[in-house]
Amino acid sequence: MPLSRRTFVKGLAAAGAATSAGILRSVAWAEAQSRSAPAVLSGAGFDLRIGETTANITGKSRTAVTINGSIPGPTLRWREGDTVTLRVANTLDEDTSIHWHGILLPANMDGVPGLSFHGIRPGETYPYHFTVRQHGTYWYHSHSGFQEQQGVYGPLVIEPREAEPFQYDREHVVMLSDWTDEDPRRVFAKLKKQADYYNFHQRTVADFVRDVREHGLRTTLAERGAWGEMRMSDRDLADVSGYTYTYLVNGQAPAANWTGLFEPGERVRLRFINGSAMTHFDVRIPGVTMTVVAVDGQHVQPVTVDELRIAVAETLDVVVEPSGQEAFTIFAQAMDRTGYAAATLAVRDGLRAEVPALDPRPSLTMADMGHGGMGHDMRGMPKSADDPHAGHTIPAQQPTTDPHAGHDMSAMGAEMQSHPVSENSNPLVDMQTMMPTSKLDDPGIGLRDNGRRVLTYADLKTVFPDPDGREPTRTIELHLTGHMERFVWSFNGIKFSDAEPIRLTYGERVRIVLVNDTMMAHPIHLHGMWSDLEDDEGRFHLRKHTVDMPPGSKRSFRVTADALGRWAFHCHMLYHMEAGMFREVRVEERRST
């Protein structure tokens, strides 16, 4: 597909920030991986500076907030077992922070203002100092305000101490992100006033006429009425779209054509990182299959696919063997099909392969929302606590010592879902899923039956057995809730400011069950500890730091509370987190009796 003029113009001046600061070298040695790749800093000591930089992504100069003057920030390369020191200087006139996403470390090194520390004041330098206990592909980003959307993020690669169970000849980091020329605070304010402000694909009269012709008047009216009563649209696939976003690969728009080089016959490792604020990407390389070898930094049993969905904050490592032509397009379309990021794998710079057309824009169904065969009735709506049929008489599950709690995984099937009483008649909750399922084997909306082999969570299996080995002793069920029109998001209908911390006892093994009551996907990230995703039989399946939750899904994971302190637990959609989908997890010593 030819690049549109708008997309082309967007790419002309991409990555202008990277060349303006001239400070990409630090005490650690640095080298450019290729002429268009972010700088690479390796070693055990690092100096990072967060400041304002003029960036030109779309043809218009804007003020970005950057790390060492580039978008993304430099790729940091650590070695497993090393003790690293990172001195982060704040040259902004506001507080800042850096969070090391997915990294196991002491709580005061985690970089979340208000929980881990007080933040980095203007003019201050904060020293992060900890021992690296893992390996793989990760990333880092600000946890202050909307700075992540403004450019404060970068790749993080940790070299393993032992040989990995697969081989490759070269590697490239492929960091996906979304950029807006708008002030993110203005984006958020627009969403608060009109949640579908960036959705330009709502249904039209022509759609109504077509649906009547295909499905009949009664069915069409019933279907429209169902969505209307929920005050939602089946076209609400993303809160922020390509209307304002330019989608980037390593800080470059499609027309800038970031290029990763290869020699014919080589095996190339691609470290995909979704560092975007609000965008799930569907990634494929036409003409090349991808063998997935690691997820969220953890090795998995190899699985070969044509396409994969990468949620916000996830990382996926794949090995490819491009052959038969000189150039291939890395194509990452936004889940709502309003735009794409694109780059090239090529034998030399300056080549470009054909860019595919965007796939057709999908629409949500009641089944996607977790209403199963409930058709178009509105039993998915929150009802009064006085309604004996509403299923709300079951109190919200609190931490329990019941050793059998959560062991009945039949709840992961198509059974009527109960809900916490805090959702009842709650003005912050506009929908409840009634028949959620795990959807582990579901490629996801827009990817089903598309003729390509698409990765699912069920395909991914961690190569090692459950490192803990113990069964969870209790279950904590949390519902992901929200109100689309008000653009408020929460756990159990309780906004962060009113919520009590989730308290874990040091050393215990718990099961956390998440139920997505909303029509949006939520990648849920627990800081400081692993989230060991379970399969539908309740067995250890996949070690993750971020668990994506599609609409109408119910998934469970195990957590070993082996890190004392106060930790963040939140949706990684930046504007959802800001709007309330955030909790504190507090790991405390066992109290003596």
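Each value, and the rule that gives it
Residues numbered from 1 in each chain as written. Predicted model: local features only at pLDDT ≥ 70, side-chain atom pairs only at ≥ 80, totals over all residues. Heavy atoms only, no water. Helix = DSSP H or I, 4+ residues; strand = E, 2+ residues; numbered from the N terminus. Buried < 20%, exposed > 50% of the residue type's maximum accessible area, 1.4 Å probe, protein only. Contact = heavy atoms within 4.5 Å. Areas by Shrake-Rupley, 256 points an atom, 1.4 Å probe, with all protein chains shown as cover. Pairing = 2+ DSSP bridges. Axes fitted to C-alpha atoms, helices over the stretch in contact; angles between N-to-C directions. Arc of directions from axis to C-beta. Polar contact = N/O pair within 3.5 Å; in protein donor to acceptor, adjacent residues only side chain to side chain. Core = buried A, V, L, I, M, F, W, Y, C linked by side-chain atoms within 4.5 Å. Salt bridge = Lys/Arg side-chain N within 4 Å of Asp/Glu carboxyl O. pLDDT = per-residue confidence, 0-100. Phe/Tyr/Trp six-rings, centres within 6.5 Å; stacked < 30°, edge-to-face > 60°.

**Points about the overall build of the chain**
Inference 1: Across its full length, the chain holds 7 helices and 32 strands.
Inference 2: Out of the 593 residues in the chain, the part that is buried amounts to 61%.
Inference 3: Long-range pairs, those at least 24 residues apart, make up 78% of the contacts in the chain between residues at least 6 apart in sequence.
Inference 4: Of the accessible surface of the chain, which amounts to about 22200 Å², a share of 51% is contributed by carbon and sulfur atoms.

**Describing the pairing of strand S9 (residues 136–141)**
Across a regular strand the side chains alternate sides, sitting on one face of the sheet and then on the other.
Inference 1: Within S9, 6 of the 6 residues are buried, which leaves the element mostly enclosed by the surrounding structure.
Inference 2: The side-chain alternation of S9 yields two buried faces, one formed by Gly 136, Tyr 138 and Tyr 140 and the other by Thr 137, Trp 139 and His 141.
Inference 3: The pairing of strand S7 (residues 99–101) with S9 spans 3 bridges and is antiparallel. Pairing of His 99 across the sheet is with His 141, part of S9.
Inference 4: Summarising the sheet, S9 and strand S10 (residues 153–159) pair through 6 bridges and their orientation is antiparallel. Among the inter-strand pairings, Trp 139 is bridged to a residue of S10, identified as Pro 155.

**As for the sheet that holds strand S32 (residues 582–588)**
Inference 1: Taken in spatial order, the 5 strands of this open sheet run S24-S32-S31-S26-S29, and their pairing is mixed. Two strands close off the open sheet at either side, each with one partner strand: strand S24 (502–505) and strand S29 (546–549). Averaged over all pairs of adjacent strands, the angle between their axes in this sheet comes to 20 degrees, without regard to strand direction.
Inference 2: In the sheet, S24 pairs with S32 via 4 bridges, with the strands oriented parallel. The residue of S32 that forms the bridge with Leu 504 is Val 587.

**Quick look at helix H4 (residues 184–193)**
Inference 1: Here H4 has its buried residues at Pro 184, Val 187, Phe 188, Lys 190 and Leu 191. Each buried residue of H4 sits inside an arc of 160 degrees when the element is viewed along its axis, so together they form one side. Among the exposed residues of H4, those pointing more than 90 degrees away from its buried face are Arg 186 and Lys 193.
Inference 2: Looking at the buried side of H4, the elements it contacts are helix H3 (147–150), strand S11 (170–180) and helix H7 (574–578).
Inference 3: Backbone nitrogen of Arg 185 and a side-chain oxygen of the N-cap are separated by 2.8 Å at the start of H4; the cap is Asp 183.

**What about the environment of Arg 133?**
Inference 1: Examined against the element boundaries, Arg 133 turns out to sit in the loop between strand S8 (125–131) and S9.
Inference 2: The class for Arg 133 is exposed, based on a relative accessible area of 51%.
Inference 3: A sequence separation of 29 residues divides Arg 133 from Leu 104, and the C-alpha atoms of the two residues are 6.7 Å apart.
Inference 4: Sequence-distant contacts of Arg 133, defined by excluding residues within four places in its chain, comprise Glu 80, Leu 104 and Leu 105.

**What to know about the nonpolar core**
In summary, soluble globular proteins display a tendency toward joint burial of nonpolar side chains.
Inference 1: With 134 residues, the main nonpolar core has Trp 78, Trp 100, Tyr 128, Val 292 and Phe 569 as its most contacted residues.
Inference 2: For this core, the element with the highest residue contribution is S11, accounting for 5 residues.
Inference 3: For Trp 100, the residues in contact, after removing those within four places along its chain, are Leu 48, Leu 76, Trp 78, Leu 86, Leu 105, Met 109, Asp 110, Tyr 128, Phe 130, Trp 139 and Tyr 140.

**A short note on the sheet that holds strand S4 (residues 61–67)**
Inference 1: One open sheet holds the 4 strands; their spatial order is S4-S3-S6-S8, and the pairing between them is mixed. Edge positions in the open sheet fall to S4 and S8, since each of these has one partner strand only. The mean angle between the axes of side-by-side strands here comes to 20 degrees, regardless of whether they run parallel or antiparallel.
Inference 2: Summarising the sheet, strand S3 (residues 45–56) and S4 pair through 7 bridges and their orientation is antiparallel. Directly across from Asn 56, in S4, lies its bridge partner Ser 61.

**Some points on the pattern of salt bridges**
Inference 1: Applying the stated criterion to the full structure yields 39 salt bridges.
Inference 2: One salt bridge connects Arg 284 with Glu 307, and the closest N-O pair in it is separated by 3.7 Å. Taken together, the residues Arg 284 in strand S15 (residues 281–284) and Glu 307 in strand S18 (residues 307–310) connect sequence positions 23 residues apart.
Inference 3: Of the charged contacts in the structure, one is a salt bridge between Glu 471 and Arg 558, with a shortest N-O distance of 3.3 Å. Taken as a pair, Glu 471 in the loop between strand S21 (340–346) and strand S22 (474–483) and Arg 558 in strand S30 (residues 554–560) lie far apart in primary sequence, 87 residues in all.
Inference 4: Overall, Arg 558 belongs to the buried group, its relative accessible area being 3%.
Inference 5: Each of the salt bridges in this network shares a partner with another, and the network as a whole consists of Asp 466, Glu 471, Arg 509, Arg 511, Asp 532, Glu 534, Arg 543 and Arg 558.

**Details of the confidence of the model for the chain**
Inference 1: On average, the chain scores 87 in pLDDT, and the residues at 70 or more come to 84%.
Inference 2: Residue range residues 11–35 is modelled with pLDDT below 50. Its contacts to residues more than four positions away, or to other chains, number 64 contacts.

**Digging into the environment of Asn 68**
Inference 1: With respect to the secondary-structure elements, Asn 68 resides in the loop between S4 and strand S5 (75–79).
Inference 2: Along the backbone, Asn 68 and Gly 51 are 17 residues apart, and their C-alpha atoms lie at a distance of 7.6 Å.
Inference 3: A polar atom in the side chain of Asn 68 sits 3.4 Å from the backbone oxygen of Asp 47.
Inference 4: Of the polar contacts made by the side chain of Asn 68, one reaches the backbone nitrogen of Arg 49; its length is 2.7 Å.

**A short note on the packing of aromatic side chains**
Inference 1: For the structure on display, the rule yields 23 aromatic pairs.
Inference 2: Seen in terms of ring centroids, Phe 496 and Phe 582 are 4.6 Å apart; in terms of plane orientation they differ by 70 degrees. Their pairing is edge-to-face. On the criterion of sequence distance, the pair formed by Phe 496 in the loop between strand S23 (488–491) and S24 and Phe 582 in strand S32 is long-range, its members being 86 residues apart.
Inference 3: On the accessibility criterion, Phe 496 (36% relative accessible area) is partly exposed.
Inference 4: Residue class for Phe 582 comes out buried when judged on its relative accessible area of 9%.
Inference 5: The structure contains a cluster of three or more aromatic residues connected by ring pairs, namely Trp 78, Trp 100, Phe 117, Tyr 126, Tyr 128, Phe 130 and Tyr 140.

**Concerning unusual backbone geometry**
Inference 1: The omega torsion across Ile 71 and Pro 72 is -5 degrees, close enough to zero to call that bond cis.
Inference 2: Along the polypeptide, Pro 72 turns up in the loop between S4 and S5.
Inference 3: Here Asn 250, not a glycine, exhibits a phi torsion of approximately 50 degrees, which is positive.
Inference 4: Unlike most non-glycine residues, Asn 257 shows phi in positive territory, near 55 degrees.
Inference 5: Within the element layout of this structure, Asn 257 appears in the loop between strand S12 (245–249) and strand S13 (259–261).
Inference 6: Accessibility expressed as a relative area gives 12% for Asn 257, which makes it buried.

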